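Tertiary structure, described
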Amino acid sequence: MTNQIKSGQEILDEFFSQIANIEGVDQDVAEIVLKLYQEDKLTNINLSNELGKIREKKENES
C-alpha cells in the first residue's frame, strides 16, 4: 500500500474545487472565491470588492 503525498498546490486546488460543497457556504461567495483563485487573483482587495458587489446585489433585490 503506497500513500501518495499531495503537494500544497494539489491540496489548495482540491479545497477550492470543493468549496461550494461545504455546508453553510453561500453559493455566490463560493463561486467568487473559486473564480478569483482560478484566475490567480485571490487577494484581500479583490475579494473585498467582489463581496461588496454581492452585498449590493442582495440589498437591491430586497
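Relevant structure appears above.
Residues numbered from 1 in each chain as written. Predicted model: local features only at pLDDT ≥ 70, side-chain atom pairs only at ≥ 80, totals over all residues. Heavy atoms only, no water.

**Quick word on the nonpolar core**
Ranked by size, the top nonpolar core spans five residues in total: F16, I19, A30, V33 and Y37. No other element matches the three residues that helix α2 (residues 27-38) contributes to this core. Apart from the residues lying within four places of it in its own chain, the contact partners of A30 are I19, A20 and V25. (Core = buried A, V, L, I, M, F, W, Y, C linked by side-chain atoms within 4.5 Å. Buried < 20%, exposed > 50% of the residue type's maximum accessible area, 1.4 Å probe, protein only. Helix = DSSP H or I, 4+ residues; strand = E, 2+ residues; numbered from the N terminus. Contact = heavy atoms within 4.5 Å.)

**Topic: unusual backbone geometry**
Located in the positive-phi region is D40, a residue other than glycine, with phi close to 60 degrees. Among the secondary structure elements, D40 is positioned in the loop between α2 and α3 (44-61).

**Some words on the side chain of E50**
Examined against the element boundaries, E50 turns out to sit in helix α3. With sequence-adjacent residues up to four places away left out, E50 is seen in contact with I32 and L36.

**With respect to the packing of aromatic side chains**
As enumerated under the stated definition, the model contains two aromatic pairs in all. Taken together, a centroid distance of 5.1 Å and an interplanar angle of 75 degrees make the contact between F15 and F16 edge-to-face. Overall, the relative accessible area of 39% leaves F15 in the partly exposed class. Plain terms: the ring middles of F16 and Y37 are 4.1 Å apart, the flat faces sit at 20 degrees to each other, and that makes the pair stacked. Within this pair, whereas F16 is found in helix α1 (residues 8-18), its partner Y37 is found in helix α2, the two being separated by 21 residues in sequence. (Phe/Tyr/Trp six-rings, centres within 6.5 Å; stacked < 30°, edge-to-face > 60°.)

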